[in-house]
Amino acid sequence: MSASTISVPDAASSSVTGRIRSPRIPARLLLLLPAIIYLAVLTQAPFILTLWYSVHKWILDQPDLGRPWVGIENFKYAITQDTVFQQAVLTTLIITVLIIAVSLLLGLGFALLLNRKFFGRGVVRALMIAPFFVMPTVNAVVWKNFFLDPIIGLFDWLLTSLHLARVDFLTSYPKLSIVAIASWQWTPFMMLILLAGLQGMSEEVREAARIDGAAGWAEFRHITLPLLARYIELCILLGTIYVLNLFGEIRVATQGGPGTESTTVPYYVYQTIHDYNDVGSAAALGVLAVVFASLIAAGLLRLLVRTFREGQA
Amino acid sequence: MSANESTKRLGLLRSLLVHAALAVVGLIVAIPLYWTLISSVTTNAGIFATPVQWIPPSLHLENFSQALSAAPFGRYFFNSAVVGVVVTATTLVTSALAGYGFAKFQFPGRRILFVVVLIALMVPFQAIMIPLFVLARQLGWLNSYAGLIVPGAVSGFGIFLMRQFMSKVPDALLEAARLDGCNEIQLFLRIVLPLSRSALAALAVLTFLASWNNFLWPLIVAQNPDILTVPLGIVQFRGSYFTNYTQILAVSLMAAAPVIVLYLVMQRQIIETFASSGIKG
């Protein structure tokens, strides 16, 4: 093997590649197999189990009922009769879209501002990123008890100082409160990605655009925005994956309430398994959550592609 | 002359406006942070004083030590650290190996295996947590480190990220090293890993952050006070010691510290990774 490599030092490297690559296939698989098998065992196998559970009736604290097969009964109930679930789907959709929209717009604004050179930029940037490192649960505790509280909260102080009426935000506007809490945390994440995109953009392109007469809004719309498109896509995709799973904020701030007004799909799945011990229904809800998440992701992507095509045309 | 002057004046006005906008926006972000900071060193009465005390009249640093002894927070921090470090280490090793395999080698079944990774990346946790919970219960892993660590030890996102990054290592470089007599292990350790440093750093920070902040899974598998992690501890502390507001804030600040330190150390690599991942898609 080594002799042959030495004897053809200047031969086309592709032939050398071919010789080295083909015989070692099994050894190379060892690089990935441990991780892939682990992933399959811990994500795909449980998902298949989830499918299996979802067609059974299985309540953990009623073992005498057994685990009878019920077919699509759990799904049928969730879709046609379970108003809490139907509401949860809508709530999840509203909350997710609003959080992504608010944090993306704010993040874009901050990124554009921070992309300019000014005195103290490093400090301001560090400050802006800080909320991302606060634990989501802690963030929710602080907002719930100190900012949004109707009697002692900071917002209440602001309202009463301005002689405005008191508002119990978490009771009157539970969804918007959750959106505010999560957006405060997600804006820095969006900003970080977009800022990386802006800083990778060459000054020459902008300079050329400016000479061609593009300035201000036109420069932003026709130069900056299309160049940022990939980064915005990344923001939305990563953001959606995480925000669809939003849990801690809801559990701490509203516990899905008042009533079920801020109950989202993940929170309802948690309640079904944790409070009602109903494995079958929770599994069916989990499967529906996957379908729901895929639909949203696909819809978002299509929307994005269309938006950017129009922007560039 | 006058036209020149007016453009200058316009430029000045614009930069003034931009700076004003920056200042307002900075304040919106900074006020909650500043308020949290000062409230953690004031008294319970001071927190709710009207008008708001923007400068605390006296410093109560003892809030921090008192909070630590008011609940077993030392234990919670230790638990979170063990889980976070182990999960981050296993994720880095497996993601680097599998990412390299996907990026640089051809073998039968490559596509199918990559689909397995993508599915793992996309399936939301709620869809798999029920069997995981049932399984953990049957294995007796409730209230154990194994129960907390095992479901997060390998990451589809990590493998995906490393594959994207390692695809950019030039093949010619690897071939040259092979011709120089580098064996496959040396190649990986001496060439591929050092070139992927920034992606590994970003993955380390994101993985540790996710594990440190994780709330849903620990909430399901951990009830025993000995095994609680920091977020669970804080939420429980809020429930049982409702009046100790300053202590809640003190603990919350301490909980953010490790992640902030980690980020500051690896800031450059993270931004580099974001920048390149956007370009390559």
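Within each chain, residue numbers correspond to sequence positions counted from 1 in written order. All chains are assigned letters beginning at A, and all ligands numbers beginning at 1, according to the order in which they are written. For a predicted model such as this one, the threshold for reporting local features is a pLDDT of at least 70, and the threshold for listing and counting side-chain atom pairs is 80 or more; totals across whole chains, interfaces and linings nevertheless cover every residue. As a convention, hydrogens and water are excluded, and side-chain values are obtained from all of the structure's heavy atoms.

Engineer: Explain the overall build of chain B here, please?
Structural biologist: Counting secondary structure elements, chain B contains 14 helices and zero strands. Listed N to C, the secondary structure of chain B is α-α-α-α-α-α-α-α-α-α-α-α-α-α in terms of helices and strands. The rule is simple: take the accessible area with a 1.4 Å probe, protein chains only, and divide by the maximum for that residue type; under 20% is buried, over 50% is exposed, in between is partly exposed. Relative to its 281 residues, chain B shows a buried fraction of 51%. Contacts between residues were defined by any pair of non-hydrogen atoms, one from each residue, lying within 4.5 Å. Restricting the contact set of chain B to residue pairs at least 6 apart, pairs at least 24 apart contribute 74%. The helix count covers DSSP runs of H or I at least four residues long, the strand count covers runs of E at least two residues long, and both are numbered beginning at the N terminus.

Engineer: Looking at this structure, how should I read the packing of helix α5 (residues 83-114) of chain A against helix α12 (residues 216-243) of chain A?
Structural biologist: To describe two helices that pack against each other, one gives the angle between their axes and the distance between the axes. All names here are of chain A. Running from N to C, α5 and α12 point in directions that differ by 140°, and their axes come no closer than 10 Å. Classified by the interaxial angle, the pair formed by α5 and α12 is oblique. Note on packing geometry: the crossing formed by α5 with α12 is right-handed. Contacts from Thr96, Ile99, Ile100, Leu104, Leu108 and Leu112 of α5 reach α12 at Phe220, Thr224, Leu228, Ile232, Cys235, Ile236, Gly239, Thr240 and Val243. Its residues placed into classes, the contact of α5 with α12 shows eleven nonpolar, four polar and no charged. Inter-axis angles, ranging from 0 to 180 degrees, are taken between N-to-C directions of lines fitted to C-alpha atoms, where helices are fitted over the stretch in contact. Throughout, the term roughly parallel applies to angles under 35 degrees, roughly antiparallel to angles over 145, roughly perpendicular to angles from 65 to 115, and oblique to all others. Here a crossing is taken to be left-handed if its near helix is turned anticlockwise relative to the far helix by less than a right angle, and right-handed if that turn runs clockwise. Residue type decides the class: Asp, Glu, Lys and Arg count as charged, Ala, Val, Leu, Ile, Met, Phe, Trp, Tyr, Cys and Pro as nonpolar, and the leftover types, Gly among them, as polar.

Engineer: Explain the environment of Leu194 of chain A here, please?
Structural biologist: All names here are of chain A. Note on placement: Leu194 falls in helix α10 (residues 174-199). Overall, the relative accessible area of 0% leaves Leu194 in the buried class. Spatially, the C-alpha atoms of Leu194 and Gly107 are 7.5 Å apart, while their sequence positions differ by 87 residues. Beyond its immediate chain neighbours, meaning those up to four positions away, Leu194 contacts Leu104, Gly107, Leu108, Ala111, Leu228, Tyr231, Ile232 and Cys235.

Engineer: For this particular structure, what's the right way to read the environment of Ala283 of chain A?
Structural biologist: Residue placement: Ala283 of chain A occurs in helix α15 (residues 279-312). By relative accessible area, Ala283 of chain A is classed as buried at 0%. It is 8.4 Å that separates the C-alpha atoms of Ala283 of chain A and Trp52 of chain A, two residues lying 231 residues apart in sequence. Setting aside its immediate chain neighbours within four residues, Ala283 of chain A contacts Thr50, Tyr53 and Ser54 of chain A together with Ile130 of chain B.

Engineer: Just to check I follow, could you spell out the nonpolar core for this structure?
Structural biologist: Across soluble globular proteins, nonpolar side chains show a tendency to be buried alongside one another. Residue types Ala, Val, Leu, Ile, Met, Phe, Trp, Tyr and Cys, when buried and joined through side-chain atoms within 4.5 Å, form a set referred to as a nonpolar core. Judged by nonpolar contacts, the single largest core of 141 residues is most densely connected at Leu194 of chain A together with Ile130 of chain B. Per-element tally for this core: the top contributor is α10 of chain A, with 15 residues. Domain delimitation follows an automatic or database domain assignment. Summarising the domain contributions, this core has at least three residues from each of domain 1 (2-62) and domain 2 (68-280) of chain B. With 35 residues, the next largest nonpolar core counts Ala96, Val117, Met162 and Cys182 of chain B among its residues.

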